[in-house]
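# A closer look at the structure
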Amino acid sequence: MGVVLLVLLLCAGSSIARDVLSPTVDIIAELEKLKHMDERIQKLEETLTKVLSENEDKKVAFSAGLLAFGTEKIGPIGDTKTLEYKKVFSNVGNAYDSNTGIFTAPVKGVYYFRFYGHCHGGTTMAVSLLKNGQNQCSVHSARPASNSNASNGVVLTLEIGDQIYTVLWRNTWVYDDPASYTSFSGFLIFPL
Ligand SMILES: *[C@@H]1O[C@H](CO)[C@@H](O)[C@H](O)[C@H]1NC(C)=O
């Protein structure tokens, strides 16, 4: 058994040696192959760098509370008002603007948004989530006995540049304090 194995190994070994040392091996052709291989590796590296940086653009998630500090009841206002959530917990991809309260989609994809509202002292609250000015979903709490909480969420397919924000309807109130009862969050589930 051992002898058979040894003979086989010797045969295999000598055939490899013959190939390498054979004067018929075209060294130039072999070098040419190596060169092509090198070019392919370079192309792969370029593609990989591109894909990695594209994926970096596709990391989108934010969460913000209405008030950065203090306690306040916002409203009632004569007109519908875009809520500007100032306490930014996270804003990966910088798609949410705390100066305007508007989220602008940086990539085409499927996103999830959620908002939470709290009202206080028996005041009525009505908040909606809008996409480019169109109502998507809302919460409403009419004159609760003392306070009230309401939340809604939606999965939306967005194009680059689509704008998502929440509004407080006219003649209603929303409350927030350091516990961040009133908040707005969103993230990209997957790009399209
Ligand atoms: C609203 O949520 C707050 C915080 O959890 C709670 O203290 C309050 O009782 C809730 N209000 C109602 C009406 O459930």
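Before reading on, note that the structure itself is shown above.
Here goes a summary of the coordinates provided. (Residues numbered from 1 in each chain as written. Predicted model: local features only at pLDDT ≥ 70, side-chain atom pairs only at ≥ 80, totals over all residues. Heavy atoms only, no water.)

### Details of the site of the ligand
As a reminder of what qualifies: Each residue is tested against the molecule or strand, and it is near if at least one of its non-hydrogen atoms lies within 4 Å. Within 3.5 Å is the distance limit for a polar contact, defined as a pair of N or O atoms, with the added protein rule that one can donate a hydrogen and the other accept it, and that residues adjacent in sequence qualify only through two side-chain atoms.
With respect to spatial proximity, the complete set of residues near the ligand consists of His118, Asn147, Asn149 and Tyr181. One of the side-chain N or O atoms of Asn147 is found 2.6 Å from a nitrogen atom in the ligand. Within the contact set of the ligand, an oxygen atom lies 2.4 Å away from a side-chain nitrogen or oxygen of Asn149.

### Considering the environment of Ser128
Inclusion rule: A helix here means a DSSP run of H or I that spans at least four residues, while a strand means a run of E at least two residues long, and both kinds are numbered starting from the N terminus. Any two residues having at least one pair of non-hydrogen atoms within 4.5 Å are treated as being in contact.
Tracing the backbone shows Ser128 in strand E8 (residues 125-131). Between the alpha carbons of Ser128 and Thr82 there is a distance of 9.6 Å; along the sequence they are 46 residues apart. Apart from residues lying up to four places away in sequence, Ser128 is in contact with Phe115, Asn135, Cys137, Ser138, Tyr165, Thr166, Val167 and Trp169.

### Points about the sheet that holds strand E4 (residues 87-92)
To keep things clear, this is the line we draw: Pairs of strands are assigned from DSSP output, requiring at least two bridges between the strands. Only the contacting stretch of a helix is used when fitting its axis, a line to C-alpha atoms as for every element, and angles between N-to-C directions run 0 to 180 degrees.
The strand order E4-E1-E13-E7-E10 describes an open sheet built from five strands, whose pairing is antiparallel. For this open sheet the edge positions go to E4 and strand E10 (148-158), each flanked by a neighbour on one side alone. The mean angle between the axes of side-by-side strands here comes to 10°, regardless of whether they run parallel or antiparallel. Alignment of strand E1 (residues 61-65) against E4, held across five bridges, turns out to be antiparallel. Each residue of the ladder has a partner; that of Ser63, found in E4, is Ser90.

### Focus on the nonpolar core
To be explicit about the condition: Here the nonpolar core consists of buried residues drawn from Ala, Val, Leu, Ile, Met, Phe, Trp, Tyr and Cys, with membership extended through side-chain atoms lying within 4.5 Å. Under the scheme applied here, a residue whose accessible area is under 20% of the maximum for its type counts as buried, over 50% as exposed, and between as partly exposed, the area being computed with a 1.4 Å probe on protein chains only.
In terms of nonpolar packing, the biggest core is built from 31 residues, with Phe103, Tyr111, Phe113, Leu129 and Phe184 touching the most fellow members. Looking at this core, the elements with two or more residues in it are E1, strand E7 (109-119), E8, strand E9 (134-141), E10, strand E11 (163-168) and strand E13 (183-191). Residue contacts for Phe113: discarding those within four places in its chain leaves Phe62, Phe103, Leu129, Asn152, Gly153, Val154, Leu156, Leu158, Ile164, Phe184, Ser185 and Gly186.

### Some remarks on helix H2 (residues 27-57)
Worth spelling out the cut-off: One fewer than the residue count of a helix, multiplied by 1.5 Å, yields its expected span.
With 31 residues, H2 extends 46 Å between its outermost C-alpha atoms, agreeing within 8% with the 45 Å of an ideal straight helix rising 1.5 Å per residue. With a side-chain oxygen positioned 3.1 Å from the backbone nitrogen of Ile28, the residue opening H2 is Asp26.

### Some thoughts on the side chain of Thr124
If you trace the backbone, Thr124 turns up in the loop between E7 and E8. With a relative accessible area of 13%, Thr124 lands in the buried category. A distance of 2.9 Å separates a polar atom in the side chain of Thr124 from the backbone nitrogen of Arg143. Leaving out residues up to four positions away in the same chain, Thr124 has contacts with His140, Ser141, Ala142, Arg143, Thr172 and Trp173.

### Examining the side chain of Thr182
Here Thr182 is to be found in the loop between strand E12 (174-176) and E13. Overall, Thr182 belongs to the buried group, its relative accessible area being 1%. Among the polar contacts listed, one links the side chain of Thr182 to the backbone nitrogen of His118, at a separation of 3.1 Å. Apart from the residues lying within four places of it in its own chain, the contact partners of Thr182 are Ala64, Gly65, Leu66, Tyr85, Tyr116, Gly117, His118, Val174, Tyr175 and Asp176.

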